[in-house]
Amino acid sequence: MTNSKPPVPSRPLRVAAEVVENAVEGPGNHRLVLAIPGWPGAEPGQFVMLSPGGSSEAERTDPLLPRPMAVYRGHAAAPPGGRAEVEFLLKVAGRGTRLLADLAPGQSIRLVGPLGSAFVPVAPGKRAILVGGGTGIASLYELASRGTEDAEVHVILGARSDGDLMGVDDFMALGVNCHITTEDGSRGRKGRVTDTLGELLEAPGPPAALFACGPTPMMHACAKIAFERQLECQVSLENNMACGFGVCLGCAVPVHSGGYSLVCRAGPVYSADQVVWEGLS
Ligand SMILES: Cc1cc2nc3c(=O)[nH]c(=O)nc-3n(C[C@H](O)[C@H](O)[C@H](O)COP(=O)(O)OP(=O)(O)OC[C@H]3O[C@@H](n4cnc5c(N)ncnc54)[C@H](O)[C@@H]3O)c2cc1C
Ligand code: FES
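A quick note: this is a predicted structure, and the numbers were derived from the prediction, not measured.

Cut-offs and rules
- Residues numbered from 1 in each chain as written.
- Chains lettered and ligands numbered in written order.
- Predicted model: local features only at pLDDT ≥ 70, side-chain atom pairs only at ≥ 80, totals over all residues.
- Heavy atoms only, no water.
- Helix = DSSP H or I, 4+ residues; strand = E, 2+ residues; numbered from the N terminus.
- Rg over C-alpha atoms; globule rule 2.2 N^0.38 Å.
- Buried < 20%, exposed > 50% of the residue type's maximum accessible area, 1.4 Å probe, protein only.
- Contact = heavy atoms within 4.5 Å.
- Areas by Shrake-Rupley, 256 points an atom, 1.4 Å probe, with all protein chains shown as cover.
- Lys, Arg positive; Asp, Glu negative; His and termini not counted.
- Charge placed at Lys NZ, Arg CZ, Asp CG, Glu CD.
- Arc of directions from axis to C-beta.
- Axes fitted to C-alpha atoms, helices over the stretch in contact; angles between N-to-C directions.
- Parallel < 35°, antiparallel > 145°, perpendicular 65-115°, else oblique.
- Left-handed = near helix turned anticlockwise from the far one by under 90°.
- Nonpolar A, V, L, I, M, F, W, Y, C, P; charged D, E, K, R; others polar.
- Core = buried A, V, L, I, M, F, W, Y, C linked by side-chain atoms within 4.5 Å.
- Pairing = 2+ DSSP bridges.
- Near = heavy atom within 4 Å.
- Expected span 1.5 Å × (residues − 1).

**Q** I tried to follow the overall build of the protein on my own but got confused; where do I start?
**A** If you tally the helices and strands in the protein, you get five helices and 15 strands. Computed over C-alpha atoms, the radius of gyration of the protein comes to 18 Å, within 12% of the 19 Å expected from 2.2 N^0.38 for 281 residues, which places it in the range of a compact globule. When its C-alpha atoms are laid out on the principal axes, the protein stretches across 60 × 45 × 40 Å. Put simply, the protein has 281 residues, and 52% of those count as buried. Long-range contacts, defined as pairs at least 24 residues apart, comprise 65% of the intrachain contacts of the protein with a sequence gap of at least 6. Counting only carbon and sulfur atoms, one obtains 52% of the accessible surface of the protein, whose full area is about 12300 Å². With 23 positive and 28 negative side-chain charges, the protein shows a spacing of 5 Å between the two charge centroids.

Listed below in structure tokens is the structure:
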């Protein structure tokens, strides 16, 4: 499948953003709202690098590296000379995300972005099936919100348990077809997102296109399903990243065209058939 990606801003911002809100939304889950001066807007699937260390004596040393975070909501540009409020959904995974979760309103944080490639938008007349697992859900909201007018949109949101799910009410408010799954059955259907995906694909309807973001095994499973059924499938990879702009080579992923691709530059969005999935974890 050719992946003609939409144009994205070529020069990311490097600014101090102000924390407007940092709300707890379940165990380890936070909704972080930042006011970002001069924000140029972002396309669905793009991300920023946030430097969680303090801006005082421990600057850029604890932790040393910024952390990638998908732009969840707030893809509109700031007014001239003004700021835009942009939302992020984050789950505490380690030291960096703990520091992000502890930020208080009024504090400032360094941000670089928007970065990376975007999803090719949902085509008219298609049945778009968006599959989000864990924190991957955050990359899909803007895509879901833009696809509702001219396509049938289904969103499958999955997590280990109810407390791990993020943003469900926001997706439901969009009026898209929402399908919730949890591995322990504490909310929605018990099982994996791919169980629901298989069922949706069996149902009659317009040709399906898949969009997936989540743990690598989940995206690999979606890629296999798409390959078997000859469906378009885009994935947004969540590789560990150290720099976010092509310098450290830490995010490289093997691709069928030969060699490696830098997820922070060429991705995070790829056509699933570009990625060599075997051996990725
Ligand atoms: C493009 C992109 C978008 C992302 N969007 C979001 C988002 O919207 N919300 C969110 O909560 N997280 C998101 N992540 C993941 C997030 O960046 C990591 O969880 C974070 O960097 C971990 O940093 P830490 O210091 O808290 O943990 P660390 O101490 O660095 O690591 C703690 C544990 O998390 C694992 N880990 C580290 N990075 C990742 C990763 N990228 N994916 C999976 N496991 C990881 C480590 O292997 C380790 O086991 C995104 C990642 C990428 C690449
Ligand atoms: S994160 Fe450094 S090259 Fe991609």
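Following the structure, the description resumes.
**Q** Looking at this structure, how should I read helix 4 (residues 193-202)?
**A** Residues separated by three or four positions in an α-helix point in the same direction, a consequence of the helix having 3.6 residues per turn. Those residues of helix 4 lying buried are Val193, Thr194, Thr196, Leu197, Leu200 and Leu201. Relative to the axis of helix 4, the buried residues are bounded by an arc of 155 degrees and lie together on one face.

**Q** Help me out: how do you make sense of the packing of helix 4 against helix 5 (residues 216-229) in this one?
**A** Relative orientation and spacing of two packed helices are given, respectively, by the angle between their axes and the distance between those axes. Between helix 4 and helix 5, the least distance of the axes is 10 Å, while the angle of their chain directions is 20 degrees. Taken as axis vectors, helix 4 and helix 5 run roughly parallel relative to one another. Here the hand of the crossing between helix 4 and helix 5 comes out right-handed. Contact residues: helix 4 offers Val193, Thr194, Leu197, Gly198, Leu201 and Glu202, while helix 5 offers Met218, Ala221, Cys222, Ile225 and Arg229. Of the residues contributing to the contact of helix 4 with helix 5, the split by class is seven nonpolar, two polar and two charged.

**Q** Just checking my understanding: could you explain the nonpolar core for this structure?
**A** Soluble, globular proteins show a tendency: their nonpolar side chains are buried together. In terms of nonpolar packing, the biggest core is built from 33 residues, with Ile129, Val131, Leu197, Val235, Leu237 and Trp277 touching the most fellow members. Going through the elements one at a time, strand 3 (47-51), strand 6 (108-115), strand 7 (127-133), helix 4, strand 11 (208-213), helix 5 and strand 12 (232-236) are the ones with two or more residues in this core. Counting residues per element, this core draws most heavily on helix 5, which supplies six residues. Setting aside its immediate chain neighbours within four residues, Ile129 contacts His154, Ile156, Leu197, Leu200, Leu201, Ala208, Ala209, Leu210 and Phe211. Ranked by size, the runner-up nonpolar core spans 28 residues in total, among them Phe119, Ala138, Ala151 and Val269.

**Q** What should I look at first to understand the sheet that holds strand 9 (residues 177-182) in this one?
**A** What links the strands of a sheet is backbone hydrogen bonding, and the strands pair in either a parallel or an antiparallel sense. Ordered in space as 10-9-8-7-11-12-15, the seven strands form an open sheet in which the pairing is mixed. Among the strands making up the open sheet, the edge pair consists of strand 10 (189-190) and strand 15 (269-271). Sheet analysis places strand 7 next to strand 8 (residues 152-159), joined by seven bridges and oriented parallel. Directly across from Ile129, in strand 8, lies its bridge partner His154. Contacts from helix 4 reach strand 7, strand 8, strand 9, strand 10 and strand 11 within the one sheet, and its direction differs from that of strand 7 by about 170 degrees. Running over the sheet, helix 5 touches strand 7, strand 11 and strand 12 and is turned about 165 degrees from strand 11.

**Q** Got a minute to help me understand the site of ligand 1 in this structure?
**A** As a structural note, the neighbourhood of ligand 1 is formed by 19 residues, with Arg67, Pro68, Gly96, Thr97 and Glu238 the closest of them. Summarising the interface, the protein chains cover 72% of the accessible area of ligand 1, which totals 860 Å² for the free molecule. Within the residue set of the shell around ligand 1, elements represented by two or more residues are strand 4 (67-70), strand 5 (83-91) and helix 1 (95-101). Per-element accounting of the shell around ligand 1 gives the leading share, four residues, to strand 4. For the shell around ligand 1, the residue count by class is nine nonpolar, six polar and four charged.

**Q** Could you clarify how one ought to interpret helix 5 in this entry?
**A** With 14 residues, helix 5 ought to run about 20 Å at 1.5 Å a step, and its terminal C-alpha atoms sit 20 Å apart, in line with that. Burial in helix 5 covers these residues: Thr216, Met218, Met219, His220, Cys222, Ala223, Ile225 and Ala226. Positive phi shows up at Gln230, right after helix 5, with a value of about 60 degrees.

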